[in-house]
Amino acid sequence: MADQKAETARGRPRSDAARRALLDAAYGLVVKQGYADVTMDAIAARAGSGKQTIYRWWPSKADLVLDALEDWAETEINVAETDTVAAFLHKVCDGATRAGPVLRSLMAQAQFDPKLRQKLKARLIEPRREAFRRCLAHAGVEARHREGLVLAIYGALWYRLFLDEPLDAGFVRRMNALVCESD
């Protein structure tokens, strides 16, 4: 029993405040400098933490940055399938514009890292596609048109994001028109 208590008491307990600071530092640095130029040392320094604390939570920089981006997206974009299609697209485009440097950096790195690409798709891309599918269903778009619209609209969104072209109200209007024409 004493051995069991000693086993569970080893090391400091994880701090939610330290975790939050690391997520914010990772996101902020990658937005400012790009994924490739950010080091774990820089993230730790900006968060006022030690590098060993990072490795207690995340096995790699890619995992930390992906968590930071996922956390930011859940907090800042806040999309709901009950939004109108235009409102949904506006939120996604606004969020993608603000996170553009992080998204471009992470996606560029994912081209050389199949595991990161798989995680990026599973944790960031597919959940937003699925939310859009539900939004389209809520808007009354026929099932036979939904997948094509998801592919076309998200394809256009990523294309413009990669080229650093605006994801503005005009883009949202054009994408919303595609949805309206599908009926």
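Residues numbered from 1 in each chain as written. Predicted model: local features only at pLDDT ≥ 70, side-chain atom pairs only at ≥ 80, totals over all residues. Heavy atoms only, no water.

(A) Seen up close, the overall build of the protein chain. In terms of regular secondary structure, the protein chain is built from 10 helices and 0 strands. Structurally, the protein chain occupies a C-alpha span of about 65 × 40 × 25 Å along its principal axes. Taking as baseline every contact in the protein chain between residues at least 6 positions apart, the subset at least 24 positions apart corresponds to 63%. Approximately 10,300 Å² of the protein chain is accessible, and the part contributed by carbon and sulfur atoms is 53%. Considering the protein chain, the positive charge centre built from 28 side chains and the negative charge centre built from 25 side chains are found 4 Å apart. (Helix = DSSP H or I, 4+ residues; strand = E, 2+ residues; numbered from the N terminus. Contact = heavy atoms within 4.5 Å. Areas by Shrake-Rupley, 256 points an atom, 1.4 Å probe, with all protein chains shown as cover. Lys, Arg positive; Asp, Glu negative; His and termini not counted. Charge placed at Lys NZ, Arg CZ, Asp CG, Glu CD.)

(B) Layout of the nonpolar core. In this structure, I43, L69 and F132 are the most contacted members of the largest nonpolar core, which totals 57 residues. Residue contacts for I43: discarding those within four places in its chain leaves L22, A25, A26, L29, V38, I54 and L64. (Core = buried A, V, L, I, M, F, W, Y, C linked by side-chain atoms within 4.5 Å. Buried < 20%, exposed > 50% of the residue type's maximum accessible area, 1.4 Å probe, protein only.)

(C) Expanded view of helix α5 (residues 61-76). Relative to the 22 Å expected for 16 residues at 1.5 Å per residue, α5 spans 22 Å between its end C-alpha atoms, a close match to the ideal helical length. Within α5, the full set of buried residues consists of K61, A62, D63, L64, V65, L66, D67, A68, L69, E70, W72 and A73. Check the buried side of α5 and you find it contacts α2 (16-33), α3 (40-47), α4 (51-57), α6 (85-98), α7 (100-110) and α8 (114-138). Positioned one or two residues after α5, N78 has a phi angle of 50°, which is positive. (Expected span 1.5 Å × (residues − 1).)

(D) Geometry of a nonpolar patch on the surface. A cluster of nonpolar side chains, contributed by Y159, F162 and L163, occupies part of the molecular surface with about 330 Å² of accessible area. Relative to the helices and strands, L163 resides in the loop between α9 (143-162) and α10 (169-181). (Patch = residues over 30% accessible without salt bridge, like charges linked within 9 Å, V, L, I, M, F, W, Y side chains within 5 Å. Salt bridge = Lys/Arg side-chain N within 4 Å of Asp/Glu carboxyl O.)

(E) Highlighting the packing of α2 against α5. It is at 9 Å that the axes of α2 and α5 come closest, and there the two elements cross at 95°. As far as their axial angle goes, α5 and α2 are roughly perpendicular. Of the residues in α5, those touching α2 at R19, R20, L22, L23, A26, Y27 and V30 are L64, V65, D67, A68, L69, D71 and W72. Among the residues forming the contact of α2 with α5, the class breakdown is 10 nonpolar, no polar and 4 charged. (Axes fitted to C-alpha atoms, helices over the stretch in contact; angles between N-to-C directions. Parallel < 35°, antiparallel > 145°, perpendicular 65-115°, else oblique. Nonpolar A, V, L, I, M, F, W, Y, C, P; charged D, E, K, R; others polar.)

(F) Inspection of the confidence of the model for the protein chain at higher detail. Summing up the model confidence of the protein chain, the mean pLDDT is 89 and the portion of residues at 70 or higher is 92%. When the elements of the protein chain are averaged for pLDDT, helix α1 (residues 2-9) gives the smallest value, 45, and α3 the largest, 97. Within the model, pLDDT remains below 50 along residues 1-9, and this stretch shows 0 contacts once partners closer than five positions in the same chain are excluded. (pLDDT = per-residue confidence, 0-100.)

(G) Representation of the packing of aromatic side chains in the model. Enumeration according to the criterion identifies 5 aromatic pairs in this entry. A centroid spacing of 5.2 Å and a plane angle of 25° characterise the contact between F88 and F132, whose relative ring orientation is stacked. Placement of F88 in helix α6 and of F132 in helix α8 is noted, with a sequence separation of 44 residues between them. A relative accessible area of 0% means that F88 is categorised as buried. With a centroid separation of 5.4 Å and an interplanar angle of 45°, the aromatic rings of W158 and F162 are classed as tilted. (Phe/Tyr/Trp six-rings, centres within 6.5 Å; stacked < 30°, edge-to-face > 60°.)

(H) Seen up close, the packing of α2 against α7. Packing of α2 against α7 brings their axes to within 8 Å, and their N-to-C directions diverge by 85°. With respect to each other, α2 and α7 are oriented roughly perpendicular. Contacts from Y27, V30 and V31 of α2 reach α7 at P101, V102 and S105.

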